[in-house]
Amino acid sequence: QSTLVVAEQSDGALTPITLNAVTAACKIGGDVSCLVAGASCSKAVEQLKSVAGVSKIIVAEDASYKGYMPESLTPLILQIQSQNNYSHILAGASAFGKNLLPRVAAKLDVDPISDIIDIKSPDTFVRTIYAGNAIQTVKTSSSVKVVTVRGTSFEAAAETGGSSSVDDAPKVEGSPLSAWVSQELSKSDRPELTAARIVISGGRGMKNGENFDMLYKLADKMNAAVGASRAAVDAGYVPNDMQVGQTGKIVAPELYIAVGISGAIQHLAGMKDSKTIVAINKDPEAPIFQVSDYGLVEDLFKAIPQMDDLLK
Amino acid sequence: TMARVLVGVKRVIDYAVKIRVKPDKSGVVTEGVKHSMNPFDEIAVEEAIRLKEKKFATEVIAVTCGPTQSQETLRTALAMGADRGIHVEIPADDYVKTGPLQISKIFAKLAEQEKANLIILGKQAIDGDNNQTAQMTAAVLDWAQGTFASELKLEGEKLTVVREVDGGLETIDLKMPAVVSADLRLNEPRYATLPNIMKAKKKKVAKLTAKDLGVDLASSIEILEVADPPQRLAGIKVENTEELVGKLKEAGLV
């Protein structure tokens, strides 16, 4: 058993989901190596070096990996795989991992397994289907298991206690098929949705985008991230990267506060693993109350300012 | 160059249907349940048709893989405006064992046969939630991939794709030919009107098998069990905001 975890970076730093993927790799058992590939890697390598459970870091620092294009990263991973014969290749089930690993799997001619929530044995995995309305256990007979990992289902690996070796990756030329042009990331001082301890989400009940200011204000007071239901995104209140749900982000914070959200299946799939759920909705019949620990039947335009006052 | 577009459509349980797991845990109940086109595929079809309407594409070919009933979904794509259809018939027994890798090999073969240079697929099907087929089709063909697309712009040999990524949006340039996967905000799909549904009945649908294309349908993945998700116990209703904040403070959450 040996696993290659493809590390993910954002602005040159390691993304938190990489640490969840390391935990999944440790659960499989055997040696865990990490690939850090990008135009600049030193910061992520420094971070990974002390992560518990990682025995080796492979670094591929090259301008051709700018933007982490799958057309360029895939041949690199294939080269590393051919030299090391890992039994498993893992990455976080983020936009990055979901984009890259299926391409790697197809090139290896193996069936990949997406977005696992548990590991039963090195060849048997658990994942959700139908937006979380059913749980599937699958067994693969592939020589190499190519798997993406749901971040919220595995604890983050400890960032201390490890001491891994660092090697350079073989030189593999980037692909001319694709080029990264630019990114437009939502600027926010609030914690990232999938990593926040508290998440406050607004739904169609918010009525418009300006009303989300109420939630931002409350979130800043509570050091919370702000999310939204698909209905709020579809209505144009907020950008899609705030969407919590099966088609958006999966979150599992300590505290999730759903504001003006009815609780469509697709939204529940993205937040029902939260430790404590609060629902604020004026409709007592809203399905969100069926999954909430604390339900408040109240007009949100009254309740949110009150909460804001009470938390002063 | 103009694009020749292949667009994939999958018949799935309608998004509004409440899913029921079979008592023997072999899968979910599909019999007597309303099915529709996978919502992300509707967006893919719409985008393909718009490319043709804007004279960026010469032809839009809709493809479906699956048992006989999949033809209904193909007809919907034709009624929306696809020019013709291809049904790769996979008997129901084989279809449950077929995975995204096998489907991507079918798409790749068809792209070669039809001399397509652009494939648009939904980013995931709402049954298996795999999110793999577009990426793997691109890999099999050695083409560029533009996944989770919220905007497309075709200029000669260059396809610019705006992608939905975790922190916001990303713009990439792809060299044609390419595979694109459609995300929610790419467009708002049109409804098939009755006259167009009637017209679609006359459009050509070719029927093939995986064997005709030389694709082996066996996946290495075996489904051991499909179960209900753990149920969350309903909590309590609080009387007012004071009580709510009090409870949260008690629990040490705020």
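In short, a report on the structure. (Residues numbered from 1 in each chain as written. Chains lettered and ligands numbered in written order. Predicted model: local features only at pLDDT ≥ 70, side-chain atom pairs only at ≥ 80, totals over all residues. Heavy atoms only, no water.)

**Quick word on the overall build of chain A**
The condition is simple: A run of DSSP states H or I qualifies as a helix once it reaches four residues; a run of E qualifies as a strand once it reaches two. Both are numbered from the N-terminal end. Only the C-alpha atoms count toward the radius of gyration. The rule for a globule is 2.2 Å times the residue count to the power 0.38. Buried, partly exposed and exposed residues are distinguished by accessible area as a fraction of the type maximum, computed with a 1.4 Å probe on protein chains only: under 20%, between the cut-offs, and over 50%, respectively. Contact between two residues is taken to exist if any of their heavy atoms lie within 4.5 Å; hydrogens are not considered.
Assigned secondary structure in chain A consists of 8 helices and 17 strands. Relative to a compact globule of 312 residues, whose C-alpha radius of gyration would be 20 Å, chain A shows 21 Å and is just as compact. Taking the principal axes of the C-alpha coordinates as reference, chain A spans close to 60 × 40 × 40 Å. Split into buried and exposed, the 312 residues of chain A put 59% on the buried side. Across chain A, contacts joining residues at least 24 apart in sequence account for 64% of those joining residues at least 6 apart.

**Side note on helix α3 (residues 70–84) of chain A**
Residue and element names in this part refer to chain A. For clarity, the cut-off: Given the number of residues in a helix, its expected span is that number minus one, multiplied by 1.5 Å.
The end-to-end C-alpha distance of α3 is 20 Å, a good match for the 21 Å that 15 residues give at a rise of 1.5 Å each. Burial in α3 covers these residues: P70, E71, S72, L73, T74, L76, I77, I80 and Q81. In the segment just after α3, N85 is the residue with positive phi, at about 50 degrees.

**Points about empty space enclosed by the protein**
Test applied: Buriedness for pockets is judged along seven lines, at least five of which must meet protein on both sides within 12 Å for an open set on the 1 Å grid over protein atoms alone, while cavities are sets there where a 1.4 Å probe fits but cannot get out, and lining residues have an atom within 4 Å of a point. Grid points are joined across faces, edges and corners, and a volume is the space filled by probe spheres set on the points. Side-chain classes follow a simple rule in which Ala, Val, Leu, Ile, Met, Phe, Trp, Tyr, Cys and Pro form the nonpolar group, Asp, Glu, Lys and Arg form the charged group, and the remainder, Gly included, forms the polar group.
Inspection of every chain in the model, using the stated rule, returns 3 cavities of 30 Å³ or more. Approximately 100 Å³ is the volume found for the largest cavity. In terms of lining, the largest cavity is formed by 13 residues, of which the most central are K98(A), D115(A), Q246(A), Q124(B) and D129(B). Elements supplying a minimum of two residues to the lining of the largest cavity: β7 (113–121) and β8 (124–129) of chain A. Class assignment of the residues belonging to the lining of the largest cavity gives a composition of 1 nonpolar, 7 polar and 5 charged. Roughly 50 Å³ of volume is contained in the second largest cavity. Surrounding the second largest cavity, V6(A), A7(A), Q9(A), L35(A), A37(A), Y68(A), L73(A), I77(A), F96(A) and L100(A) form its lining. Its residues assigned to classes, the lining of the second largest cavity comprises 9 nonpolar, 1 polar and no charged.

**Considerations on the packing of aromatic side chains**
Spelled out, the test is: Aromatic contacts are taken between Phe, Tyr and Trp rings whose centres are within 6.5 Å, Trp giving its six-membered ring; a plane angle under 30 degrees counts as stacked, one over 60 as edge-to-face, and the others as tilted. Only when the NZ of Lys or the CZ of Arg is both within 6 Å of the ring centre and within 35 degrees of the ring normal is a charge said to sit over the ring.
In the structure shown here, the tally under the stated rule is 2 aromatic pairs over all chains. Seen in terms of ring centroids, Y68(A) and F96(A) are 6.1 Å apart; in terms of plane orientation they differ by 90 degrees. Their pairing is edge-to-face. Here Y68(A), found in the loop between β5 (56–61) and α3, pairs with F96(A), found in helix α4 (residues 95–108); they are 28 residues apart in sequence, far enough to count as distant. When the centroid spacing of 6.4 Å and the interplanar angle of 45 degrees are considered together, the rings of F212(A) and Y216(A) count as tilted. Within this pair, F212(A) and its partner Y216(A) are both found in helix α5 (residues 212–222), separated by 4 residues, close to a single helical turn. With a relative accessible area of 0%, F212(A) lands in the buried category. The cationic tip of K123(B) hangs over the ring face of F148(B); the distance from NZ or CZ to the ring centre is 5.9 Å.

**A few points about the sheet that holds strand β1 (residues 2–6) of chain A**
The criterion, for reference: Any two strands with at least two DSSP-identified bridges between them are counted as paired. Axes here refer to lines fitted to C-alpha atoms; in helices the fit is confined to the stretch in contact. Angles between the N-to-C directions go from 0 to 180 degrees.
With mixed pairing, the 10 strands of this open sheet are ordered in space as β11(A)-β5(A)-β4(A)-β1(A)-β6(A)-β10(A)-β7(A)-β8(A)-β9(A)-β12(B). Of all the strands in the sheet, just β11 (165–168) of chain A together with β12 (221–227) of chain B have a single pairing partner and so form its edges. Ignoring which end each strand starts from, the neighbouring axes of this sheet average 35 degrees apart. The sheet contact formed by β1(A) and strand β4 (residues 31–38) of chain A spans 5 bridges and is parallel. Of the residues in β4(A), the one forming a bridge with S2(A) is D31(A). Across the face of the sheet, helix α1 (residues 17–28) of chain A comes into contact with β1, β4, β6 (88–92), β7, β8 and β10 (145–149) of chain A while running at roughly 150 degrees to β6(A). In this fold α4(A) packs onto β1, β6 and β10 of chain A, with an angle of close to 160 degrees to the strand it touches most, β6(A).

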